[in-house]
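Single-letter residue listing:
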Amino acid sequence: MSDTQAPETVVLTVNGKQIEAKPGELVIDAAERNGTYIPRFCYHPRMEPVGMCRMCIVEIDTGRGPALQPACMIPVAPDMVVDTESEVTKKAQDGVLEFLLINHPLDCPVCDKGGECPLQDQTMSYGPGESRMVEEKRHYAKPIPISDLVALDRERCILCDRCTRFAKDVAGDTLIHFQDRGNQTQVNTFPDHPFASYFSGNTVQICPVGALTASPYRFKARPWDLDQVESTCTTCSVGCRTLVQSSRNEVLRYQGVDVDPVNWGWLCDKGRFDFQAVNSEDRLGAPLVRNGASLAPAGWGPALTKAAAALREADPDRIAVLGGARLTNESAYAWAKLAKGVIGTDHVDAQLGDGLPAEVVLGLPRATIDQACAPGGTVLLLGPDLKEELPVLFLRLRHAVTHDKVAVVELAPRRSAVSDLATTTLLHRPGAEGEVVAALLAGGGREAGGIEPDALAAAAALLERGPVTVVLGRSNLADTGAGVVAAAAAIHEAHPEVRFLSALRRGNVHGALDMGLAPGLLPGRTTLDDGGQWFRDAGWANVPRTRGLDASGILAAAAGGKVDVLVLVGADPLADFPDTGLATRALAGARTVIAVDLFLTPSAQQADVVLAAAGYAEVDGTTTNLEGRVSTVTRKITPPGTARADWMIAAELARLLGADLGLASAEEILAEIEATAPSHAGLTPELLRSHAARDGVLVPLSVDEPAPAPEEVSSTEGAAPSGPAQEGESDSGVTEGAAEAAVAAEAADDSGDRQAAEADATTAQAADAVGDAPEEPAAPTAPTRPVLVTFSGGASTAAPAPDAYSLRLVATRKLYDLGTAVQHSPSLAGLVTENAVHLHPHDFDRLGIDAGATVTLTAAAGSIQLPAVPDAHVPRGSAAVLAFQGSPAVGQLISAGTAVTDVRVERS
Amino acid sequence: MAVTDAAPIITTRFGHDDGHTIERYLATGGYEGLKAALAKSPTAVGEEVKAASLLGRGGAGFPAGTKWGFCPPGVWPRYLVVNGDESEPGTYKDRLLMERDPHQLIEGVLIACYAIGAAQAFLYVRGEMALAQERIAQALNDAYAAGYIGKGILGSDFSVDVVLHWGAGAYIVGEETALIESLEGNRGMPRLKPPYFPAAKGLYMQPTVVNNVETLSNLPWIMNNGGTRFAELGAETSRGTRMFAVSGHVKNPGVYEVEFGVTTFRDLIFAPVYGGGMRDGNSLKAFIPGGASAPWFYEEHLDLPLEAGAVGKAGSMLGSGAIVVMDDTTDAVKAAWRVVRFFARESCGKCTPCREGTTWLEKIMRRIVDGQGRPEDVGLLLDVCDNISPGIAWPPKQTTICPLGPSAVSPIASAIVRFQDEFIAYCGGTAESPVAINGKAYIAKPSEVAGV
Amino acid sequence: MARFSEVNLKTAGEIISRYPRPKSALIPLLHLAQEQDGYVADDAMEHIAELLGVTPAEVLGTCSFYEMFKREPVGDYLVNVCTNIACMLLGGEELLHHLEGKLGIKAGSTTSDGKFTLEDVECIAACTEAPCLQVNYRYHYKVTPDGADALIDDLRAGRRAHEVPKHGTLARIRQQIPADKRAGNAVPGEAGEPVWITRANAAAATAEGGAG
Ligand SMILES: Cc1cc2nc3c(=O)[nH]c(=O)nc-3n(C[C@H](O)[C@H](O)[C@H](O)COP(=O)(O)O)c2cc1C
Ligand code: SF4
Ligand code: FES
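No experiment lies behind these values; they were computed from the predicted model shown. (Residues numbered from 1 in each chain as written. Chains lettered and ligands numbered in written order. Predicted model: local features only at pLDDT ≥ 70, side-chain atom pairs only at ≥ 80, totals over all residues. Heavy atoms only, no water.)

Section: the overall build of chain B
Here comes step 1: Each helix and strand counted, chain B has 19 helices and 12 strands in total.
Here comes step 2: For 452 residues, the compact-globule estimate of 2.2 N^0.38 gives 22 Å, and the C-alpha radius of gyration of chain B, at 22 Å, lies within 12% of that figure.
Here comes step 3: Oriented by its inertia axes, the alpha-carbon framework of chain B measures out at about 75 × 45 × 35 Å.
Here comes step 4: With 452 residues in all, chain B has 69% of them scored as buried.
Here comes step 5: On chain B, roughly 12,700 Å² of surface is accessible, and the fraction owed to carbon and sulfur atoms is 55%.
Here comes step 6: Where the 40 positive side-chain charges of chain B centre and where its 49 negative ones centre are 4 Å apart. (Helix = DSSP H or I, 4+ residues; strand = E, 2+ residues; numbered from the N terminus. Rg over C-alpha atoms; globule rule 2.2 N^0.38 Å. Buried < 20%, exposed > 50% of the residue type's maximum accessible area, 1.4 Å probe, protein only. Areas by Shrake-Rupley, 256 points an atom, 1.4 Å probe, with all protein chains shown as cover. Lys, Arg positive; Asp, Glu negative; His and termini not counted. Charge placed at Lys NZ, Arg CZ, Asp CG, Glu CD.)

Side note on the overall build of chain A
Here comes step 1: The number of helices and strands found in chain A is 31 helices and 36 strands.
Here comes step 2: Scored against the burial criterion, the 908 residues of chain A give a buried share of 62%.
Here comes step 3: When contacts within chain A are restricted to residue pairs at least 6 apart in sequence, those whose partners lie at least 24 apart make up 71%. (Contact = heavy atoms within 4.5 Å.)

Things to note about the pairing of strand E9 (residues 186-189) of chain A
Here comes step 1: The alternating pattern of E9 of chain A places Gln186 and Asn188 of chain A on one face and Val187 and Thr189 of chain A on the opposite face, and all of these are buried.
Here comes step 2: Between strand E8 (residues 176-179) of chain A and E9 of chain A, which pair antiparallel and follow one another directly, the connecting turn spans six residues, one of which, Asp180 of chain A, has a positive phi of 60°. (Pairing = 2+ DSSP bridges.)

Focus: the packing of helix H4 (residues 162-171) of chain A against helix H13 (residues 391-404) of chain A
Residues and elements named next belong to chain A.
Here comes step 1: In the contact formed by H4 and H13, the axes pass within 9 Å of each other and the chain directions differ by 80°. Here H4 lies roughly perpendicular to H13, going by the angle between them. For the pair H4 and H13, the contacting residues are Lys168, Asp169, Val170 and Ala171 in the first and Phe394, Leu395 and Arg398 in the second.
Here comes step 2: Residues that form the contact of H4 with H13 fall into these classes: four nonpolar, no polar and three charged. (Axes fitted to C-alpha atoms, helices over the stretch in contact; angles between N-to-C directions. Parallel < 35°, antiparallel > 145°, perpendicular 65-115°, else oblique. Nonpolar A, V, L, I, M, F, W, Y, C, P; charged D, E, K, R; others polar.)

Focus: the confidence of the model for chain B
Here comes step 1: The predicted model of chain B averages 94 in pLDDT, with 95% of residues at 70 or higher.
Here comes step 2: Overall, residues 436-452 of chain B carries pLDDT values under 50, and its contacts beyond four positions in sequence, including any with other chains, amount to 47 contacts. (pLDDT = per-residue confidence, 0-100.)

Description of the sheet that holds strand E28 (residues 621-624) of chain A
Residues and elements named next belong to chain A.
Here comes step 1: With antiparallel pairing, the three strands of this open sheet are ordered in space as E28-E29-E30. Where the open sheet ends on each side, the last strands, each with one partner, are E28 and strand E30 (697-698).
Here comes step 2: Bridging between strand E29 (residues 629-633) and E30 involves two bridges; their strand directions are antiparallel. By the bridge assignment, Arg629 is partnered in E30 with Leu698.
Here comes step 3: Where helix H9 (residues 329-343) meets the sheet, its contacts fall on E28 and E29, and the angle it forms with E28 comes to roughly 90°.

Quick notes on the nonpolar core
Here comes step 1: One finds Val238 and Leu386 of chain A, Leu80, Leu110, Phe158 and Trp296 of chain B together with Leu29 of chain C to be the most contacted residues of the largest nonpolar core, which totals 306 residues.
Here comes step 2: With 10 residues, helix H6 (residues 102-116) of chain B is the largest single contributor of residues to this core.
Here comes step 3: Listed in part, the 86 residues of the second largest apolar core include Ala350, Ala558, Ile594 and Val619 of chain A. (Core = buried A, V, L, I, M, F, W, Y, C linked by side-chain atoms within 4.5 Å.)

Things to note about the sheet that holds strand E18 (residues 378-382) of chain A
Residues and elements named next belong to chain A.
Here comes step 1: Taken in spatial order, the five strands line up as E20-E19-E18-E21-E22 in an open sheet, and their pairing is parallel. One side of each edge strand has no neighbouring strand; the edge strands of this open sheet are strand E20 (424-427) and strand E22 (499-502). In this sheet, neighbouring strand axes are inclined to one another by 20° on average, regardless of whether the strands run parallel or antiparallel.
Here comes step 2: Alignment of E18 against strand E19 (residues 407-412), held across four bridges, turns out to be parallel. Within the sheet, the bridge partner assigned to Thr378 lies in E19 and is Ala407.

Some thoughts on the site of ligand 1
All names here are of chain B.
Here comes step 1: Close to ligand 1 lie 18 residues, the nearest being Gly58, Lys67, Asn211, Asn212 and Thr215.
Here comes step 2: In the model, an oxygen atom of ligand 1 is placed 2.9 Å from a nitrogen or oxygen of the Asn83 side chain.
Here comes step 3: Interatomic distance of 2.7 Å between a side-chain N/O atom of Thr215 and an oxygen atom of ligand 1.
Here comes step 4: When ligand 1 is considered free in solution it has 610 Å² of accessible area, and contact with the protein chains removes 91% of it.
Here comes step 5: Classifying every residue of the shell around ligand 1 gives four nonpolar, eight polar and six charged. (Near = heavy atom within 4 Å. Polar contact = N/O pair within 3.5 Å; in protein donor to acceptor, adjacent residues only side chain to side chain.)

Describing the site of ligand 2
Here comes step 1: By nearness alone, every residue bordering ligand 2 is listed as Ile172, Pro190, Ser347, Cys348, Gly349, Lys350, Cys351, Cys354, Thr400, Cys402, Leu404 and Gly405 of chain B.
Here comes step 2: When the residues that make up the shell around ligand 2 are grouped by side-chain class, the tally is seven nonpolar, four polar and one charged.

A look at the interface of chain A and chain C
Here comes step 1: Listed by partner, the interface residues are 12 residues for chain A and 14 residues for chain C.
Here comes step 2: For the pair chain A and chain C, the two sides together bury roughly 1,200 Å², of which 60% comes from carbon and sulfur.
Here comes step 3: Our enumeration of links across chain A and chain C arrives at two salt bridges.
Here comes step 4: Across the pair Glu67 of chain C and Arg181 of chain A runs a salt bridge, and its minimum N-O distance is 2.3 Å.
Here comes step 5: Linking chain A to chain C there are five residue pairs in polar contact (both at pLDDT 80 or more).
Here comes step 6: The biggest single contributor to the side of chain A that touches chain C is E8 of chain A, with three residues.
Here comes step 7: Grouping the constituent residues of the side of chain A that touches chain C by class yields four nonpolar, five polar and three charged. (Buried area = accessible area lost by both parts, 1.4 Å probe. Salt bridge = Lys/Arg side-chain N within 4 Å of Asp/Glu carboxyl O.)

Spelled out as structure tokens, the structure:
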């Protein structure tokens, strides 16, 4: 599909007109691209066709005379003659429609799908009048719940096999299936095995009738009451494109939008149903100000004044800002400008000890999802369970494995959902990623991190197989992530051509880091050293000169009484920082706490000033996904009460501090980002608004290219130039040129001609790679933009060996956790699973405990009690728990900054 | 017009009570055909079968030798799948071959595997046929023990496992692509051809030859006597002998192996050595020449030879060699309803027109038989038929994946066209009112309707 | 006891081992479950799912497609009367109604004593022996009303136990493939061109070479 040489086309005739199609393209698609829509029910462009519903049958003549054939199953062929309007075709299609209707209930007026129902529409446009069937219709018990989120009405089902195909082929959760036969055929689950899939909502969206309905939406509204805007999901960092649909200023539904490089129309159930949190009763509608023990509602004036006063009085080095991953890029930029440009502190971190150093995320050659999933490649997973943390990336990877022969090598401290896809899963000792990767790069053959030599050798061989993409993130919140960093450094050094796909989970964490909400960095992926002057020249008066503290450092400082003002911008350390003890001490230790949030989170409850922020679907702006793809988020409803956009709050505070951020609208901010942030050169509001940018735009605009061959690396590092040699290349002129390419690519892509698109892109990029001058003369922009940050790694820090009595702790996340999105979405809150400690069966005997028994886990930081579950998916010597999953908080066992967490497990 | 004296080829051991044992089989020339085959090259064996012009006996009547040639070269492994799912109403021959002479079938399977290069064969027996399964299991066990199956057969480098598999009650599984789905452990829902022609993308998407039990049972004889000797019997495209089950209102219903292509329907139905004529001196009303899917024939077709081409031209098919005879006491409407009910019950449910259409047809027919018919029902029936099989022509066009749906059209169209008066008796209305579909008046121009 | 017994688990293993892909053993394993319990219980399907590495929903999807699999217990004797065209012409329906009377139940139901289940079935490939029926899939040909009565009485009195095993048992002989005789499964992606084909092609090639 995605070979880059220009494909020859197939010419066929549709209704007398000659049309051009791609080789292998299905008649139904070729016809549609050329303006002839063939009706269909079972066909879905993202799934294997089954040709069941027969609605798309048309007369096709391949030389042996016209015959009725399903257009969804037949690939185009030269000189094929298709007639979608012949008498025979029409009669047959009308017949199929009548057949579909004879047993279909006429309950459109009370059906959720009414108004957006293909069956209804077909019937209106082609269908017969009243039914010719006088006999009894087929009957089933009315809607049955097939999961907590989805109900099934079998009388409405037309057996198109879409939901069942999705469950099996796309999600890999074959929990719904055709049952019985012939006219009795029905879709159903196995008794007492509900359709508990993280992706079940997609089946509701692709059901061509009202058979599947989502309980969070059922009867909420009729399609004609809804109006909608396109936006981007920020529940996690995959950045799925969505439709936000609302009625009477209330968000009622999200639908997936098919974006080729990202989500293909799919959403996970968390992202789909957490709209309920937007409408939550608990949303903050006004600021709160502490008087004595309690927080009282206050006007913005007093609240902001109080906050500003605290900031004014404090020495910049005793001010810290935590958070930002919830924000749009524009708000993140405004907050960076406030913190680093106005206040002058570098104690700023958008991550909460659960991520990776910003240099690692921004400074390594980055991969796109498409590059990671390119046919025949190999993915090295050095990160979390993608199904739990980045669900739709999991779907893309699953498709790459099942359809495109992509091999996955998984390095993890416990088995995950990805393990079922992986060619090999190496279960290593927590924190041992560095040693394991070192051994891998050495070709395996020796034991490392608890993995057998030959297993390592086999994996090493796989990595030789084809282009490798590393998916990089945190697979364990009970270590510091130093192992992963060391591993990444080693790989980059040994194979500079290898690209990395970030697997950090928080909604817009990548945008926040891009905008400089991290210690040592400034907007546009540049460092204090490289970019300080540039930004001072751009009017950032107080850019700090020395690197500040990261989240752990900030909290430690606060705990030690060294922080006067702690600003939490959508950050809730008490609930959301791995080391609960430290977070608690920090909030107690900080003199003044200012919280900017949507909800009165546990941390906000400790604050002195709480500023009510506008959230998702309430603000316009852009967000950046884990690829570095910038796409728009759109305001659909007004925020509750007087809640405001985060960037406005920053601007207000700046004003009260006597500075003018000079930012009056999201669009203005975007324009300033384009002008000042090196990595965002060329990302103009116009470009983003252009139809071509519908799929989002990758920044920097020249990185979207096939993984370069090693010798090209230095020049292609134009993406992330390191050293004066590249400065010429990274000037805006070249990037502009690339912008053309990128847009040209997207534009062509948009016209459906993907190969052509990639052709353009690559030629333009090739030109770029060899540093040719672009067609457009470079716009003179002096002084030269600062270079982008690069990561050259640090020394591998091997974790100390565990002592014989302890187990090494592995703390991972589940999709449904105690985060605000889930907790304030009633239909999701109930899906949070109970916590437990999983141990290898062998360790049960060793420790003399029995399955199910409650055990005490004791670490240096503290101790908690949990039920113990035998689980062969956990390697011997490790203890696996869920982070952020109910009380007792696992965070009580974790001490930030210690390499790994060892625990004693005893009968309690 | 010819009751020929051609000697039987595949029913020779039916006379023996122990025809199913390996002892009897070996005592009567068993596994000699396999030895003969192993002495030739696989290609040469294929040529013999081509020379025999052995038509498939499962229904579609496709030449076996040619089909074998469709396997794409160089794609391995290949499989042989034996279709022993015999369930077409009126069809009764494969079960006899499996119960009475299982070794003959197994020998045929081995010969076919050797020729096409199949490294594994699956013998799919209909689920309801417990005795056949038992006999084949025993025969396989004995043949393995005697070294005719398995590793290094008869000391040669030819090795193949023959695996007994059995169904669980679903007529559609007789259709070759559904059979393959079923053999993969799935619901027996047919695949679209193209692209899923078994020879190209069959079992596990590998090249797969699907052959009927009777087809394969001919191979030992062909190997022993040569393809040309086989082709000397019969006429036109239809060579050798063939088994026909003559059932219904004849004096002696039975399964008869007769010379293919020359024997006529009249011979089979009336000759004393075969059907022996109508029971109780009644007269012939109609007969189904090739299983429930086949359009009906009437007196005027009696002298047609049992020859695929001729029968096809006359608007029906020999199908699976099932001749169901109806005398003048038969209620044509009820008979048609019963056949339609079969297809409605057996639709796999994949295609809308078949799933919904056959059930609807059955409901209408039942209503008519129950005395609730309306004059417009005849037209409605034909129009629904037309939506399942556009034009109600022969061979049938289809809006479906496989021919099951369109098969439900045959009995209705046949009955309506020939016995419209009986429908009128049930539904009212008059013969004058032409039954129109697609602008064609079927009663006025019966020749456009299947089987006439 | 609806999961497989020890001995059946062993049999299941043998059956699975005969197929290039485990799921192909699904229908035979469902039969094995029905042979064990007289019907296919949900636990049995879950057990089969475990053995084949598929989900219970997939097992049920296949199970429910095929008539012979009963998901509820049926009578000790399943009496299937053919009423398809050939039998209908010779009194198949009358025979069915006669048996309904004799057993005092409608087709599709089971006698209160749990002994008989009566079913109205499609063609069972004995058309020349019409009207015919099967008891637990054992044939009875040209059945007269009296013959039917006698048959039912015999079954009730246990006089046919030797020829009619309990419902669920099909073939009483199983295929056994001796380990030393096995050619082995032809697994897609593993099995290549068979040796006898390679040898024959080589021979043909040299023959031509010799000729030319
Ligand atoms: C609905 C349907 C049912 C069929 N049933 C059978 C059957 O029971 N036995 C059989 O051998 N072929 C049956 N066939 C034909 C098979 O699809 C296939 O053509 C045949 O098994 C090929 O073997 P042959 O070439 O030796 O005849 C059926 C076809 C259809 C469309
Ligand atoms: S025509 Fe009927 S039986 Fe054949 S595939 Fe379609 S639905 Fe199944
Ligand atoms: S859309 Fe082609 S058959 Fe359903």
